[in-house]
Amino acid sequence: MSEKPDTEEDFAQTIHEKEQRKADARKRKRPGIVFGMGMFGLVGWSVAIPTLLCLALGIWIDARYETRFSWTLMMLAFGITLGGMTAWYWVREESRHRR
């Protein structure tokens with residue numbers, strides 16, 4: 001018999017915690033369209049800048065040195081990868097701050 005009140009108390013505590021989380025979520029302000037556009041721009045520039053810089057470096061290396069492989073293509077791939085990792089970092093950081 002002593003088990004049932006503990007179960008009811010645990011159940012009531014769980015319901016209270018869920019209700020509190022829902023009330024807190026309703027009070028929180030949602031990010032607006034300006035925030036979304038800003039994040040979209042940040043992600044875009046985070047990919048574009050490293051890509052363009054690495055591409056320029058690859059073109060410069062290809063113009064200066066004769067090699068049997070294309071530094072332009074390798075640096076383009078590296079720039080896109082670096083930019084993607086940078087964008088992922090910023091999105092992850094922003095989502096951590098939004099919680």
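Located above this text is the structure these notes cover.
On a predicted model such as this, the values are computed, not experimentally measured, just so you know.

## Quick look at the overall build of the protein chain
Thought 1: Secondary structure summary: the protein chain contains three helices and zero strands in total.
Thought 2: In the protein chain, the succession of helices and strands from N to C terminus is α-α-α.
Thought 3: Against the compact-globule benchmark of 13 Å for 99 residues, the protein chain has a radius of gyration of 25 Å, which places it well outside the compact range.
Thought 4: Relative to its full complement of 99 residues, the protein chain shows a buried share of 13%.
Thought 5: Put simply, 62% of the contacts in the protein chain that link residues at least 6 apart link residues at least 24 apart.
Thought 6: Of the roughly 8,600 Å² of accessible surface on the protein chain, 65% is carried by carbon and sulfur atoms.
Thought 7: Charge separation in the protein chain, taken as the distance between the mean sites of 15 positive and 12 negative side-chain charges, equals 10 Å.

The rules behind the values
- Residues numbered from 1 in each chain as written.
- Predicted model: local features only at pLDDT ≥ 70, side-chain atom pairs only at ≥ 80, totals over all residues.
- Heavy atoms only, no water.
- Helix = DSSP H or I, 4+ residues; strand = E, 2+ residues; numbered from the N terminus.
- Rg over C-alpha atoms; globule rule 2.2 N^0.38 Å.
- Buried < 20%, exposed > 50% of the residue type's maximum accessible area, 1.4 Å probe, protein only.
- Contact = heavy atoms within 4.5 Å.
- Areas by Shrake-Rupley, 256 points an atom, 1.4 Å probe, with all protein chains shown as cover.
- Lys, Arg positive; Asp, Glu negative; His and termini not counted.
- Charge placed at Lys NZ, Arg CZ, Asp CG, Glu CD.

All we've got here are geometric facts, nothing functional implied.
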